[in-house]
Amino acid sequence: WLYCRAAQQHGISGPRDLELFAVTFRNTPAARDFFARRQWDFDEVEVAYLERWSLQQPGRFPDVLGTDYPARGEQLLLERSRRQEEAGRLTDALTTAGLLQKLAPRCRAAHDRLAYLHHRLGDVEQAVQALVAWHQQHPDDYLPLVRRAVIEAQSGKHEERRTTIQLALQRTRGPLRARVAFLGARLALASGGLPPPEGNASEAEWLLQQCLRDQPDHTDALWCLAAVRALRQDERGLAALAAVMDRPEVHD
């Protein structure tokens, strides 16, 4: 127990580190009580164990912590990362999220948090790489693609943004697909200001139509589509929307 305290406090290490940590965590209640009576933070010792374990056994949590530990370990590290962020320690928060990703490479929350923190720190490339890694682990998940599309739009990479939105659409159905299509339309419109007769307006109009195909009562998509057609001076297309726009929630 004292060795683990010294390892956590002063960074000492030895060839039998993992064995000594394992002995400590085989009797966690007693060790936790020992630390509490001295007002020492046992959770930080647990994190120190996870850090050292990840260097030698990446991809899983220590077996001695039990079969139910992965869920608890993920929660421990996520909450720690959030507390560090709230305290303004963004680099520490990023390190903790990276530790979780190393121990649980399929943890969606770890990838999401890594991307978010990289983005907050202004490292767009690393944020994208975190989202790419998430997509590689979960190729059927639409969310990392949506996150990427937003970053690509902010970075002016509009061809990449179009491709990424299409990939996200392929992985969604129903109202969820409608939400993705509507986001894609907003990004398309934002990329070019007021829509010209062709180009961004055509992309946005197609995406808005996809949104309405999957969710016909999507009011925001309806008025956006009407706005696009008005700006394109498409009177026939605008008139065609009159009937579906006649609904109580549309006030203008």
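Residues numbered from 1 in each chain as written. Predicted model: local features only at pLDDT ≥ 70, side-chain atom pairs only at ≥ 80, totals over all residues. Heavy atoms only, no water.

1. Considering the overall build of the protein
Selection criterion: Under the DSSP-based scheme used, a helix requires at least four consecutive residues in state H or I and a strand at least two consecutive residues in state E, with every element numbered from the N terminus. Computation of the radius of gyration draws on C-alpha atoms, with the globule rule given as 2.2 Å multiplied by the number of residues to the power 0.38. To sort residues, take the accessible area from a 1.4 Å probe on protein chains only and compare it with the maximum for the residue type: under 20% means buried, over 50% means exposed, and anything in between is partly exposed. Working rule for contacts: check all heavy atoms of both residues, and any pair within 4.5 Å makes them a contact. All accessibility values rest on the Shrake-Rupley procedure with a 1.4 Å probe; residue burial counts only the protein chains present in the view.
In terms of helices and strands, the protein carries 15 helices and zero strands. Relative to the globule expectation of 18 Å for 252 residues, the C-alpha radius of gyration of the protein, 25 Å, shows a markedly less compact shape. With the principal axes as the frame, the protein shows a C-alpha extent of 80 × 35 × 30 Å. Per-residue burial over the protein gives 42% buried out of 252 residues. The long-range share in the protein, meaning contacts at least 24 apart out of those at least 6 apart in sequence, stands at 50%. Of the roughly 13,800 Å² that the protein leaves accessible, carbon and sulfur atoms contribute 51%.

2. Quick look at the nonpolar core
Going by this rule: Definition used in this section: a nonpolar core is a set of buried Ala, Val, Leu, Ile, Met, Phe, Trp, Tyr and Cys residues joined via side-chain atoms within 4.5 Å.
Core analysis: the biggest nonpolar cluster contains 28 residues, and Phe21, Tyr49, Leu50, Phe61, Leu77 and Leu100 have the highest contact counts within it. Secondary-structure elements contributing two or more residues to this core are helix 1 (2–10), helix 2 (17–25), helix 3 (28–37), helix 4 (42–56), helix 5 (69–86) and helix 6 (90–103). Ranked by the residues each element gives to this core, the list is headed by helix 4, at seven residues. In this structure, leucine 50 is in contact with Phe61, Pro62, Leu65, Tyr69, Leu76, Leu77, Leu99 and Leu103, ignoring residues within four places of it in sequence. Grouped together as the second largest cluster of nonpolar side chains are 25 residues, Leu208, Leu225, Ala226 and Val228 included.

3. Overview of helix 8 (residues 124–137)
Note the threshold: Under the convention used throughout, the expected extent of a helix is 1.5 Å for every residue step, that is, one less than its residue count. What the arc describes is the spread of directions from the helix axis to the C-beta atoms.
For helix 8, which comprises 14 residues, the first-to-last C-alpha distance of 20 Å matches the rise-based estimate of 20 Å (1.5 Å per residue) to within 8%. Restricting attention to buried positions, one finds in helix 8 the residues Ala127, Val128, Ala130, Leu131, Trp134 and His135. In an axial view of helix 8, the angular spread of the buried residues amounts to 155°, which keeps them on one side of the axis.

4. Things to note about the packing of aromatic side chains
For clarity, the cut-off: Each aromatic pair joins two rings of Phe, Tyr and Trp (for Trp, the six-membered one) with centres within 6.5 Å, and gets the label stacked for planes under 30 degrees apart, edge-to-face for over 60, and tilted for any other angle. A ring has a charge above it when a Lys NZ or an Arg CZ is no more than 6 Å from the ring centre and no more than 35 degrees off the ring normal.
In the structure shown here, the tally under the stated rule is 10 aromatic pairs. Relative to phenylalanine 34, the ring of tryptophan 1 has its centre 5.0 Å away and its plane inclined at 45°; by these criteria the two rings are tilted. Taken together, the residues tryptophan 1 in the segment before helix 1 and phenylalanine 34 in helix 3 connect sequence positions 33 residues apart. Of the residues examined, tryptophan 1 reaches a relative accessible area of 33% and is grouped as partly exposed. Between phenylalanine 25 and tyrosine 49, the aromatic rings sit 5.2 Å apart at their centres with planes inclined by 25°, giving stacked as the arrangement. Placement of the pair is phenylalanine 25 in helix 2 and tyrosine 49 in helix 4, with a sequence separation of 24 residues. Across the pair, tyrosine 49 and phenylalanine 25 agree in class, each one buried. In this structure an aromatic cluster arises from ring pairing among Trp1, Phe21, Phe25, Phe34, Phe35, Trp40, Phe42, Tyr49 and Trp53. Its guanidinium or amino end placed over the ring of phenylalanine 34, arginine 38 lies 3.7 Å from that ring's centre, counting from NZ or CZ.

5. Points about the environment of arginine 173
The criterion, for reference: Polar contact criterion, stated in full: a pair of N or O atoms within 3.5 Å, where within protein one must be able to donate a hydrogen and the other to accept it, and residues adjacent in sequence count only if both atoms are side-chain atoms.
You can see arginine 173 is positioned in the loop between helix 10 (158–170) and helix 11 (174–192). On the basis of relative accessibility, which here comes to 63%, the residue arginine 173 falls in the exposed class. On a C-alpha basis, the gap between arginine 173 and aspartate 214 in space is 7.6 Å, while along the polypeptide they are 41 residues apart. A polar atom in the side chain of arginine 173 sits 3.4 Å from the backbone oxygen of glutamine 170.

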